Amino acid sequence: MPLALLALAVGAFGIGTTEFVMMGLLPDVASDLGISIPTAGHLVSAYALGVVIGAPLLAAVTARMPRRRVLIGLMVLFVVGNAVSAAAPDYHWLLVARFVSGLPHGAFFGVGAVVATSLVAPERKARSVSLMFLGLTVANIIGVPVATAMGQQLGWRATFLAVSAIGLAAIGSLLALVPADHGHGTAVGVRDELRALRPLPVWLALGTTVAGFGALFAAYSYITPMLTDAAGFAASGVTLLLALFGVGATIGNLLGGRLADHSLRGTLFGGLISLGAVLALFPLLMRTEWSAPLAVLLLGLTAFVTGSPLQLMVMEKAAAAPSLASSANQAAFNLANAGGAWIGGLALAAGFGVTSPALAGAALAVLGLAVAAASYGVDRRRGQRGTGRLVAAHAPAEPELAHR
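Heads up: these notes are all about the structure in this document. Every value quoted in this text rests on a predicted model; they were computed, and no experiment measured them.

Overview of the environment of Ala149
Point 1. Mapped onto the fold, Ala149 is located in helix α6 (residues 125-154).
Point 2. Residues Ala149 and Thr288, 139 residues apart in the sequence, show an inter-C-alpha distance of 28 Å.

Structure (C-alpha cells):
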C-alpha cells in the first residue's frame, strides 16, 4: 500500500477527533461560556450540519481541480475552523466555527476515497479505503480520549488548538506523500456532476448507508446509560469501555476492506445481518458486567465492516462523478447519525427500557438490508452483478498513478 494513504489517514484522524471530542467537552464549554448543556449540544448539531451541506457542495465545486490541491485546501479550511473555535469569544462565534469545521469533513473523505482507490490495483481498492478510514477509527481509541483529557485539564480551547496542529501535520503529509502529478477530477460541470446522482441505484446505495449506520447510532448514542443503568458500571469506567468500541471499529474497518475486495455485496449483506443480530442481543448482553464489554466491541466491529463496501458501492453507482458521490455518502453517514439518535430517543421516551434503542437499531439494520437487497435486485434487472470491482471498470482512469 502506498505511503500516500498514511497522509489521508492523518487527515482522517484529525477529523475524527474534532467530530467526537465535543461530546466529552460539553460540560466544560457550557460552564465557560455561561450556557446550558442542551444549548451547548447545538454545537454538535452545527458540525453535523456543516458536514451535510459541505460534503456535496465542496465536492461539486472542486470537481475540475487537481485532487491533491483539493485535499490540501480542505485541510486548510479544517485548520481555520478549529483555530477559530479555540479563539471564539462567545457561544455564537463558536457555533459558526463548528459549522465551518464540519464543511470539509465529507468532501475530504469523499475525494480522499477517490484518491485512495486510484493509487492501488483494482483488487485492493476496498482495502485502500479502509486504510484511510483507519484514521477515523483510531481517533476513537486515542485521539478523542486524549483530547478530552487535555480539554479537562488545560481548558477546552487547548483541545481545538491541538486539533489544528493535527490538521497542519496532515497538510504537511499530503504535500510530502500524495503524488504532485495527481490527475484532475472529472472534466464536467456542476450540473453534470449532479446529474450523475439521479439514477435510482445511487439513491438506494445512499439509503443503505442511512439505514445501516442509523442502526449503529440508534444504539451508540445511548450506550452510556445502557452501561451504567443496565450493566451496572460506574460512570468513571465508561470511557475505557467506549475505547473498546474504537478497537472493534478498527478491526471491523480493516476486515471489511479485505473482505469487500473479494465480495463487496457479500460483505455488505453479512455486515448488516451481523449488526442486526448484535443489536437484537443487546438487552441480553447488557445484563452483566462481563458480556456488556463484548457487546460494545461487537457493535463497533459489525458496524464498521460495512464502511468500505458502502463507500465503494456509492462510487460504483455514480461512476461519472465519484468524488461527489463519495462525498454525498459522507453526508448520508451524518444523516444516519442524527436520524439514528432521534429514533433511539423515541424508543426511550416511549418507556420501552434503557436498552430499547438497540432494538430500534436492529429494526433499522433490517431496513438497511432490505434496501441493499432492493439495490441488488435493480442491478440484476439491469444486467449488473456488483462484485465490488466495477469501480475499477467504470471509474475515471488515472494512468499516471497506476504504477504507484
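Once the structure has been displayed, the description carries forward.
Observations concerning helix α15 (residues 307-317)
Point 1. Burial runs high along α15: eleven of the eleven residues are buried.
Point 2. Burial in α15 covers these residues: Gly307, Ser308, Pro309, Leu310, Gln311, Leu312, Met313, Val314, Met315, Glu316 and Lys317.

A few points about the environment of Gly256
Point 1. Its place among the elements puts Gly256 in helix α11 (residues 238-260).
Point 2. Note on Gly256: relative accessible area 0%, which makes it buried.
Point 3. In this structure, the C-alpha to C-alpha distance between Gly256 and Ile35, residues 221 residues apart in sequence, is 42 Å.
Point 4. For Gly256, the contacting residues outside a window of four places in its chain are Thr267, Val305 and Pro309.

With respect to helix α10 (residues 223-230)
Point 1. Within α10, the full set of buried residues consists of Ile223, Met226 and Leu227. The buried residues of α10 all sit within an arc of 95 degrees when viewed along its axis, so they share a single face.
Point 2. Structurally, α10 contributes buried residues whose contacts are with α9 (200-220), α11, α13 (282-285), α14 (292-304) and α17 (356-381).
Point 3. Positive backbone phi, at 85 degrees, marks Gly232, one or two positions downstream of α10.

What about the packing of aromatic side chains?
Point 1. Tallied over the entire structure, the rule returns eight aromatic pairs.
Point 2. Between Phe213 and Phe304, the aromatic rings sit 5.6 Å apart at their centres with planes inclined by 90 degrees, giving edge-to-face as the arrangement. On the criterion of sequence distance, the pair formed by Phe213 in helix α9 and Phe304 in helix α14 is long-range, its members being 91 residues apart.
Point 3. For Phe213, a relative accessible area of 4% translates into the label buried.
Point 4. On the numbers, 6.2 Å between centres and 75 degrees between planes, the contact of Phe245 with Phe304 is edge-to-face. Note that Phe245 is positioned in helix α11 and Phe304 in helix α14, a separation of 59 residues in sequence.
Point 5. On the accessibility criterion, Phe304 (15% relative accessible area) is buried.
Point 6. Chaining the aromatic ring pairs together yields one cluster made of Phe213, Tyr220, Phe245, Phe304 and Phe333.

Points about the side chain of Ser356
Point 1. One can find Ser356 in helix α17.
Point 2. With sequence-adjacent residues up to four places away left out, Ser356 is seen in contact with Ala347 and Leu348.

Quick look at the nonpolar core
Side chains of a nonpolar character, in soluble globular proteins, are inclined to be buried together.
Point 1. Of all hydrophobic cores here, the largest spans 97 residues; its most connected members are Leu174, Leu216, Leu227, Phe282 and Met286.
Point 2. No other element matches the ten residues that α9 contributes to this core.
Point 3. Setting aside anything within four residues of it in sequence, one finds Phe282 in contact with Ile223, Met226, Ala295, Leu299 and Ala358.
Point 4. Ranked by size, the runner-up nonpolar core spans 16 residues in total, among them Val21, Leu43, Ala88 and Ala147.

Points about the side chain of Asn140
Point 1. Turning to its location among the elements, Asn140 is positioned in helix α6.
Point 2. The exposure class assigned to Asn140 is buried, which follows from its relative accessible area of 14%.
Point 3. Here the side chain of Asn140 touches Leu136 through a polar contact of 3.2 Å, landing on its backbone oxygen.
Point 4. Setting aside its immediate chain neighbours within four residues, Asn140 contacts Phe20, Pro145 and Gly246.

Quick notes on the pattern of salt bridges
Point 1. Considering all chains together, one arrives at four salt bridges under this definition.
Point 2. When the shortest N-O distance is used, the salt bridge between Arg127 and Asp261 registers 3.0 Å. With a gap of 134 residues between them, Arg127 in helix α6 and Asp261 in the loop between α11 and α12 (264-280) connect regions that are remote in the sequence. Pair check on accessibility: Arg127 and Asp261 agree, each one buried.
Point 3. Between Lys317 and Asp379 there is a salt bridge; the shortest N-O distance is 2.4 Å. Of this pair, Lys317 sits in helix α15 while Asp379 sits in helix α17; the two residues are 62 residues apart in sequence, bridging distant segments of the chain. Just as Lys317 is buried, Asp379 falls in that class too.
Point 4. Here the salt bridges do not stand alone but share partners, grouping Arg265, Lys317 and Asp379 into one network.

Conventions we followed
Residues numbered from 1 in each chain as written. Predicted model: local features only at pLDDT ≥ 70, side-chain atom pairs only at ≥ 80, totals over all residues. Heavy atoms only, no water. Helix = DSSP H or I, 4+ residues; strand = E, 2+ residues; numbered from the N terminus. Buried < 20%, exposed > 50% of the residue type's maximum accessible area, 1.4 Å probe, protein only. Contact = heavy atoms within 4.5 Å. Arc of directions from axis to C-beta. Phe/Tyr/Trp six-rings, centres within 6.5 Å; stacked < 30°, edge-to-face > 60°. Core = buried A, V, L, I, M, F, W, Y, C linked by side-chain atoms within 4.5 Å. Polar contact = N/O pair within 3.5 Å; in protein donor to acceptor, adjacent residues only side chain to side chain. Salt bridge = Lys/Arg side-chain N within 4 Å of Asp/Glu carboxyl O.

Scope: geometric values only; no functional claims are made or implied.
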